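Residue strings, one per chain:
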Amino acid sequence: MVPRALANPLRPAILAAARSPRVKSAITHAPGTRSLVTRFVAGETRAEALTVARALLDSGRMVSLDHLGEDTTDLAQARATVDEYRGLLAELGDLPQAHAPAGRTRRLEVSVKLSALGQSLPSGGGAVALEHAHQLCAAAQEAGVWITVDAEDHTTTDSTLSIVTELRAEYPWLGAVLQAYLRRTEGDCRNLSGTGSRIRLCKGAYREPESVAFQSRAEVDASYLRCLEVLMDGRGYPMVASHDPAMVAAAAASARRVARGSDEYEHQMLYGIRDVEQARLADAGVQMRVYLPYGRQWYGYFMRRLAERPANLTFFLRSLATRG
Ligand code: FDA
């Protein structure tokens, strides 16, 4: 068994290698990559993603759809992403679940990366991303769907949280993601756990320097547990995004401690990861949302999934060797 503190010693190396164009080309063109990508990605098209979303909804789970794409440095590409999300929101708004009562949340949600909306443009990226996110909030409101803004690498955190804060004045349901591996996050949880806030707490998936982020598994887990307590103690709606049985159990215990009802927080997991556990929790009456990515730009997302779990990487390498 891999010791807990060394659960993924290769993670920084994989995330660093993932940025190399040569590695990207080798992986995207390797025979067999596609079939592995489909373990984590619902398909390349919106229609494929909606088919999977319907099946998950029928199984009692909620969904958050994500159109894959990030680090866009081209305005036309950012606009195309906005158009895709508008189409997605309109189709989600036609589903009966968009209008069915769902307690303190919505069964249908989309997740958005601001870097896909223009935040990384060479100049004025923050303003472009704000304008695009504003357009999507208006479309989401119309459709009866909520949005959560994903967290990306730490250089974007201030800009992302300030855009979310600005938009929440008009769209108070807008959610944000906080990453427990960042040293700042416990403080961000305190600042953002007020009435009506929706915070998705995850461990964090990017390669970050020690100056801003905890590096060891034990430190990240301890930070997650501290942040979870802050959110559960707060007046917002915590979204517990983790596959880790320890974090899942801690959320239930913490909710009991503060007498939160089962509709006053939710669990979230990624599509294709611990599917049986997702279904078990949903069957047990726990609110469970599945993050459902789709689209052609799956590379960055796929590499983060390989990096966070040695078993995923081993499976991938074995499969390549077998096919080779
Ligand atoms: P971790 O990877 O530490 O695993 C802990 C334990 O969970 C394992 O030891 C094992 O027991 C179990 N486990 C994990 N994977 C398993 C598997 N495949 N099969 C069986 N057991 C498994 N990140 C980010 O930086 N920005 C973001 O916006 C988001 N958004 C996001 C949304 C949602 C809904 C989720 C679930 C996650 C994210 N993430 C994210 C990713 C997140 O930061 C993190 O990288 C992954 O969730 C992995 O961390 P875990 O908490 O799941 O545990």
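Please refer to the structure higher up on the page.
A short tour of the structure in this document, coming up. This structure is a prediction, so every number in the text was calculated from the model and none was measured.

To continue, consider the site of the ligand. Every one of the 25 residues lining the ligand counts as a neighbour, but Lys203, Gly204, Ser242, His243 and Glu308 are closest to it. Within the backbone of Ala205, one N or O atom sits 3.0 Å away from an oxygen atom of the ligand. The side chain of His243 places a nitrogen or oxygen atom 2.7 Å from an oxygen atom of the ligand. Compared with its free state, where it exposes 940 Å², the ligand has 84% of that area covered by protein. Sorting the residues of the shell around the ligand by element identifies strand 4 (175-179), strand 5 (198-202), strand 7 (266-270) and helix 12 (299-308) as the ones contributing at least two each. If you tally residues by element for the shell around the ligand, the top one is strand 7, at 3 residues. Classifying every residue of the shell around the ligand by side-chain character gives 11 nonpolar, 5 polar and 9 charged.

This part takes up the nonpolar core. Counting residues in each nonpolar core, the largest one holds 62 residues, and the members touching the most others are Leu65, Leu92, Val110, Ile147 and Leu292. Among the elements that line this core, the one with the most residues is helix 6 (residues 125-143), at 8 residues. Setting aside residues no more than four positions away along its own chain, Leu92 makes contact with Leu50, Leu65, Ala98, Leu108, Val110 and Val145. If you look at the next biggest cluster of nonpolar residues, it comprises 21 residues, including Leu36, Val37, Ile273 and Trp298.

Now for the pattern of salt bridges. In total, this model carries 24 salt bridges according to the counting rule given. With a closest N to O distance of 2.9 Å, Glu91 and Arg46 form a salt bridge. You can see Glu91 sitting in helix 5 (residues 75-93) and its partner Arg46 sitting in helix 4 (residues 46-58), a full 45 residues away along the chain. Residue class for Arg46 comes out partly exposed when judged on its relative accessible area of 21%. Note that Asp263 is salt-bridged to Arg104, the shortest N-O span being 3.5 Å. One end of the pair, Asp263, is in the loop between helix 10 (245-257) and strand 7; the other, Arg104, is in the loop between helix 5 and strand 2 (108-112), with 159 residues separating them in the sequence. Classification of Asp263 as partly exposed rests on a relative accessible area of 31%.

Quick look at the pairing of strand 7 now. With 5 of its 5 residues buried, strand 7 lies for the most part within the structure. Burial of strand 7 is two-sided: the residues Glu266, Gln268 and Leu270 facing one way and the residues His267 and Met269 facing the other way are all buried. The pairing of strand 6 (residues 237-241) with strand 7 spans 3 bridges and is parallel. The residue bridging Ala241 from the neighbouring strand is Gln268, located in strand 7. Two strands pair when backbone bridges link them, and strand 7 and strand 8 (residues 288-294) are joined in this way by 4 bridges, in the parallel orientation. Bridge pairing in strand 8 links Leu270 to Tyr291. Assessed by its sense of winding, the connection that carries the chain from strand 7 through helix 11 (residues 275-283) to strand 8 is right-handed.

In this section: the packing of helix 9 (residues 217-233) against helix 10. As a packed pair, helix 9 and helix 10 sit with axes 10 Å apart at the nearest point and diverge in direction by 30°. Taken together, the axis directions place helix 9 and helix 10 in an arrangement best described as roughly parallel. Of the two possible hands of crossing, helix 9 and helix 10 adopt the one that is right-handed. For the pair helix 9 and helix 10, the contacting residues are Asp221, Tyr224, Leu225, Leu228, Glu229, Met232 and Asp233 in the first and Met247, Ala250, Ala251, Ser254, Ala255 and Arg257 in the second.

Cut-offs and rules
Residues numbered from 1 in each chain as written. Predicted model: local features only at pLDDT ≥ 70, side-chain atom pairs only at ≥ 80, totals over all residues. Heavy atoms only, no water. Near = heavy atom within 4 Å. Polar contact = N/O pair within 3.5 Å; in protein donor to acceptor, adjacent residues only side chain to side chain. Areas by Shrake-Rupley, 256 points an atom, 1.4 Å probe, with all protein chains shown as cover. Helix = DSSP H or I, 4+ residues; strand = E, 2+ residues; numbered from the N terminus. Nonpolar A, V, L, I, M, F, W, Y, C, P; charged D, E, K, R; others polar. Core = buried A, V, L, I, M, F, W, Y, C linked by side-chain atoms within 4.5 Å. Buried < 20%, exposed > 50% of the residue type's maximum accessible area, 1.4 Å probe, protein only. Contact = heavy atoms within 4.5 Å. Salt bridge = Lys/Arg side-chain N within 4 Å of Asp/Glu carboxyl O. Pairing = 2+ DSSP bridges. Right-handed = clockwise from strand over helix to strand, strands pointing away. Axes fitted to C-alpha atoms, helices over the stretch in contact; angles between N-to-C directions. Parallel < 35°, antiparallel > 145°, perpendicular 65-115°, else oblique. Left-handed = near helix turned anticlockwise from the far one by under 90°.

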